[in-house]
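Next come the chains, spelled out residue by residue.
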Amino acid sequence: MAIEVTRQYLPLLEEEGRGAAADDQAGRDRHYLPDLPDEDPYQAGHRTCAGCGPAIEYRWVLKAAGQDTVVAGPTGCMYVANSTYLCTPYTVPWAHTPIASGGSFTSGMAAGYEAMIRKGRHPGPYPNIIVMAGDGSAADIGLGSISGALYRNHDALFICYDNECYANTGIQVSPTTPYAGLTTFTPFGKANTAGKQLPPKNLAKMMAEGHPHCYVATTTVGYPVDLMNKTRKGLNLRGAAFMHCYTPCQKGWVYQTSMTVELGRRVVEAGLFPVWEYDPEERTYHYFHPPVQRPVTDYLAMQGRFGHMLPEHVAATQRAANLNWQDMGMDVPAELREGEDPARHARLKEESYSMPLNRGIGA
Ligand SMILES: Cc1ncc(C[n+]2csc(CCOP(=O)(O)OP(=O)(O)O)c2C)c(N)n1
Ligand code: SF4
Ligand SMILES: [Mg+2]
């Protein structure tokens, strides 16, 4: 007789109180997380660059998921830097998959665990099954296999850790590289002063619109409680869930190493990475409305990859951000509207920005 497959439930972390403080003064408290789980299935001992955003994301996702978890990782930095022979930071089972097969491999794991538990060959409960694919994998080479897994509704969490480039092979352009972002494949010059000319692919919206029965969410390394709770929601729900996480790449984006978490908040406050949840029951989007709306220069000027931008590129980026604010149902302040005019800008390297209080961890 088939044995029933039992599921786990991961309680959500407290978002109110000190953790909810959001302005500059209180920002430091956002990183005070008294309820953080002690366990660390992603330990020290990896070889990612100092300040690596994907490594921070990996650590928080696995803290949220806990020890009864299995992970798949398609080829990318988080495979190469984390799985050196005889040296691994994982205390949970982790498997490498080809870059195109994150979705199909994970479908097989999910179906396999279901079958083994039903047949009494695995004691259960059903483990937390996670795949963490880079943007080159999830938005490009492996998009089809992840879409297939979401469509078939396998019970697993599919994550894109987005460092906006093919980092591992030398910072090449990917579909999520932002407009004007410099990569080794999008240099700027006389004929093309912008660098990357296309806007980024809207991967998370594609996933939500294309798989309306799935929970889909976006988050960044700037909001640890949000990131961990969306991880837990995606795992608690029966069926496939997709999470798109913004994860700065210190090497590829060229910024101060300590600013990874700060960038994760600035990108949201600049309107360039809307944070939301898609509820498959209601078929609606719930947007996070940041309490601060900054000009895009406050974000762009922190990163070397944008240093070549001319006034027209900055103005075009501000226009894209303003359209995002509208999509999120927020008013666009007059100062940001005026920023759509190239005459309001200098070359980016001459623009100023208010260097933050370091609101990151350790502040
Ligand atoms: C089919 C295939 N094409 C190309 C490669 C080479 N390759 C290895 S890692 C990588 C970069 C992957 O980029 P991404 O998924 O964004 O992960 P990141 O390196 O940024 O963490 C590439 C192109 C490969 N392994 N397989
Ligand atoms: S190149 Fe970027 S993504 Fe890769 S390990 Fe370094 S900081 Fe992390
Ligand atoms: Mg990448």
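In this report, we go over the structure that sits alongside the text. On a predicted model such as this, the values are computed, not experimentally measured, just so you know.

1. A short note on the coordination of the magnesium ion (ligand 3)
Piece 1. Distances from the magnesium ion (ligand 3) to its protein donors, Asp-135 (OD), Asn-163 (OD1) and Cys-165 (O), fall within 2.0 to 2.2 Å.
Piece 2. Coordination of the magnesium ion (ligand 3) draws on donor residues from a single chain, spaced D-x27-N-x1-C in sequence. Taken as a pair, Asp-135 in helix H4 (residues 135-141) and Asn-163 in the loop between strand E4 (157-162) and helix H6 (203-210) lie far apart in primary sequence, 28 residues in all. For the pair Asp-135 and Asn-163, a shared accessibility class is recorded, and that class is buried.

2. Considering the site of ligand 1
Piece 1. Around ligand 1, 16 residues are found, and the nearest of them are Cys-77, Gly-136, Tyr-161, Ala-167 and Asn-168.
Piece 2. In this structure, an oxygen atom belonging to ligand 1 sits 2.6 Å away from a side-chain N or O atom of Tyr-161.
Piece 3. The contact in question runs from an oxygen atom of ligand 1 to an N or O atom on the backbone of Cys-165, over 3.1 Å.
Piece 4. With the chains in place, 73% of the 590 Å² that ligand 1 exposes on its own is no longer accessible.

3. Quick look at the pattern of salt bridges
Piece 1. Within this structure, the stated rule accounts for 14 salt bridges.
Piece 2. With a shortest N-O distance of 3.4 Å, Arg-294 and Asp-298 are connected by a salt bridge.
Piece 3. Relative accessible area serves as the criterion here: at 8%, Arg-294 is assigned to the buried category.
Piece 4. The salt bridge involving Arg-337 is made with Glu-340; its shortest N-O contact spans 3.6 Å.
Piece 5. Its relative accessible area of 39% is what places Arg-337 among the partly exposed residues.
Piece 6. A cluster of three or more residues bridged by salt bridges with shared partners is formed by Arg-7, Glu-114, Asp-155 and Arg-238.

4. Some words on the site of ligand 2
Piece 1. Inspection of the region around ligand 2 gives Thr-48, Cys-49, Cys-52, Pro-54, Cys-77, Asn-163, Cys-249, Gln-250 and Lys-251 as its neighbouring residues.
Piece 2. Here the shell around ligand 2 is built from residues that sort into five nonpolar, three polar and one charged.

5. Some points on the sheet that holds strand E3 (residues 128-134)
Piece 1. The eight strands are arranged E2-E1-E3-E4-E6-E5-E7-E8 in an open sheet whose pairing can be described as mixed. Of all the strands in the sheet, just strand E2 (94-97) and strand E8 (284-287) have a single pairing partner and so form its edges. Adjacent strand axes in the sheet meet at a mean angle of 20° when their direction is disregarded.
Piece 2. Looking at chain direction, strand E1 (residues 69-74) and E2 are connected through four bridges and run parallel. Pairing of Gly-73 across the sheet is with His-96, part of E2.

Each value, and the rule that gives it
Residues numbered from 1 in each chain as written. Chains lettered and ligands numbered in written order. Predicted model: local features only at pLDDT ≥ 70, side-chain atom pairs only at ≥ 80, totals over all residues. Heavy atoms only, no water. Donors = N, O, S within 2.8 Å, 3.2 Å for Na, K, Ca; no water. Helix = DSSP H or I, 4+ residues; strand = E, 2+ residues; numbered from the N terminus. Buried < 20%, exposed > 50% of the residue type's maximum accessible area, 1.4 Å probe, protein only. Near = heavy atom within 4 Å. Polar contact = N/O pair within 3.5 Å; in protein donor to acceptor, adjacent residues only side chain to side chain. Areas by Shrake-Rupley, 256 points an atom, 1.4 Å probe, with all protein chains shown as cover. Salt bridge = Lys/Arg side-chain N within 4 Å of Asp/Glu carboxyl O. Nonpolar A, V, L, I, M, F, W, Y, C, P; charged D, E, K, R; others polar. Pairing = 2+ DSSP bridges. Axes fitted to C-alpha atoms, helices over the stretch in contact; angles between N-to-C directions.

Interpretation note: all reported values are geometric properties and have no functional meaning in isolation.
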